[in-house]
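What follows is the residue order along each chain.
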Amino acid sequence: MVTGRNWEQDFSNYLSTERNYSEHTNINYLHDIRDFRSFMIEEAINHFTDVTYTEVRLYLTYLRKQEFARSTVARKISSLRSFYTFLVREKAMTDNPFAFVSHAKKQLRLPKFFYSKEMEALFDVVYANNNPLTLRDRALLELLYATGIRVSECAGILLPDIDQTYQTILIRGKGNKERYVPFGAFALDAVNDYTKGGRDILMQHHAKEHPALLINHYGDPLTARGIRYCLSKVIEKASLTRKIHPHMLRHTFATDLLNNGADMRTVQELLGHASLSSTQIYTHITKEHLKETYMKHHPRA
């Protein structure tokens, strides 16, 4: 099955080196391609290069029978369109069979965010004591809420990236694009408490030397996966009842800014969105929030 050149590996290398995609994004692309390869095996299609528009239509029918969400189908088609664009670029194909495939638009799903009482519960957990790892989790939570940066971006922060005088952090975002993001007094205090009372102690104890801001209990740099684990533990300790995930801190940052009068362009720049349309989704949240407040409190609602 699909003998000869390993197109999946070549595509993965292309995403990492030429497109500068994150490991998480790369894994998602490969997952979609491997799902398609499983479909090819069932249909006795031997090579990626044997796929035509006819096979693509069969695959769309297959996806619909699986009752995937529209957003999932859209993502899978997008991944395969990019993969076949790469094959055309490498002259393995003359045409991209996914180029003109239409599919249902994604459902508009409003980003979920933390309410103020939920944020208070999270902060109560990280301010419960001053042991090194709790100080780290405090700095982590304060930074994410103060800046709205992605978990992967947070993992990449180095000590020299933090300018305490101007209270800004150099953030390396998607595609290695850099931006400076401001942060407030709470985050500044949390970072300073952590570096002195947590990071320095762990680094000395394990005889480690590196510039990564966030570290694990062995003194090694904390990965994006490690950060998600730490945040999940904080969320678990806060005993919040609804289904939540760490990325909601980014949504909360944007929502709180807009609810308190920040303009859209500023929020776009702070979030590192390439397009304003990516930021505009948060206006739907603020409108929903206004409607809920009105319906709840107006005597003639």
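Calculation criteria
Residues numbered from 1 in each chain as written. Predicted model: local features only at pLDDT ≥ 70, side-chain atom pairs only at ≥ 80, totals over all residues. Heavy atoms only, no water. Phe/Tyr/Trp six-rings, centres within 6.5 Å; stacked < 30°, edge-to-face > 60°. Helix = DSSP H or I, 4+ residues; strand = E, 2+ residues; numbered from the N terminus. Buried < 20%, exposed > 50% of the residue type's maximum accessible area, 1.4 Å probe, protein only. Lys NZ or Arg CZ within 6 Å of the ring centre and 35° of its normal. Pairing = 2+ DSSP bridges. Core = buried A, V, L, I, M, F, W, Y, C linked by side-chain atoms within 4.5 Å. Contact = heavy atoms within 4.5 Å. Expected span 1.5 Å × (residues − 1). Salt bridge = Lys/Arg side-chain N within 4 Å of Asp/Glu carboxyl O. Polar contact = N/O pair within 3.5 Å; in protein donor to acceptor, adjacent residues only side chain to side chain.

Caption draft 1: Spatial organisation of the packing of aromatic side chains. Enumeration according to the criterion identifies 19 aromatic pairs in this entry. An angle of 20 degrees between the planes, with centres 6.0 Å apart, marks the rings of Y59 and Y62 as stacked. Taken together, the residues Y59 and Y62, both in helix α3 (residues 53-65) and three residues apart, mark about one turn of the helix. Judged by relative accessible area, which is 25%, Y62 ranks as partly exposed. Here F113 and Y115 contribute two aromatic rings whose centre-to-centre distance is 5.0 Å and whose plane-to-plane angle is 50 degrees, an arrangement assigned as tilted. With relative accessibility at 14%, the residue F113 sits in the buried group. With a relative accessible area of 42%, Y115 lands in the partly exposed category. The cationic tip of K76 hangs over the ring face of F68; the distance from NZ or CZ to the ring centre is 5.4 Å.

Caption draft 2: Region of the structure containing the sheet that holds strand β2 (residues 168-172). Reading across the sheet, the three strands line up as β1-β2-β3 and stay open at both edges, with antiparallel pairing between neighbours. Edge positions in the sheet fall to β1 (162-163) and β3 (178-182), since each of these pairs with one other strand and no more. Pairing of β1 with β2 involves two bridges; the strand directions are antiparallel. Within β2, the residue paired with D163 across the bridge is T168.

Caption draft 3: Geometry of the nonpolar core. Judged by nonpolar contacts, the single largest core of 54 residues is most densely connected at F114 and L122. Of all the elements, helix α8 (residues 185-205) adds the most residues to this core, at seven residues. When neighbours within four sequence positions are excluded, F114 is seen to be in contact with M119, L122, I235, L240, R242, I244, H245, M248, L249 and T252. Counting 27 residues, the second largest nonpolar core, distinct from the first, contains F11, Y14, L15 and I77.

Caption draft 4: Focus on the pairing of β3. Burial along β3 is one-sided: R179 and V181 are buried, and none of E178, Y180 and P182, which face the opposite way, are. One ladder, built from five bridges, connects β2 with β3; its direction is antiparallel. Across the sheet, the residue bridging to R172 is E178, located in β3. Counting the residues that bridge the hairpin from β2 to β3 gives five residues, and of these G175 lies at a positive phi of roughly 70 degrees.

Caption draft 5: Just helix α10 (residues 248-259), in detail. The end-to-end C-alpha distance of α10, which contains 12 residues, comes to 16 Å, matching closely the 16 Å that a straight helix rising 1.5 Å per residue would cover. When you tally the buried positions in α10, you get nine out of 12 residues, the bulk of the element. Buried within α10 are the following residues: M248, L249, R250, H251, T252, F253, A254, T255 and L258.

Caption draft 6: The arrangement of the pattern of salt bridges in detail. According to the stated counting rule, one finds 13 salt bridges in the structure shown. A salt bridge links R150 to E153; the shortest N-O distance between them is 2.4 Å. Here K208 makes a salt bridge to D220, at a shortest N to O gap of 2.7 Å. Separated by 12 residues along the polypeptide, K208 in the loop between α8 and α9 (224-237) and D220 in the loop between α8 and α9 bring together distant segments of the chain.

Caption draft 7: Molecular detail of the side chain of T195. Its place among the elements puts T195 in helix α8. A polar contact is formed between the side chain of T195 and the backbone oxygen of N192, at a distance of 3.0 Å. In this structure, T195 is in contact with L159, D200 and L213, ignoring residues within four places of it in sequence.

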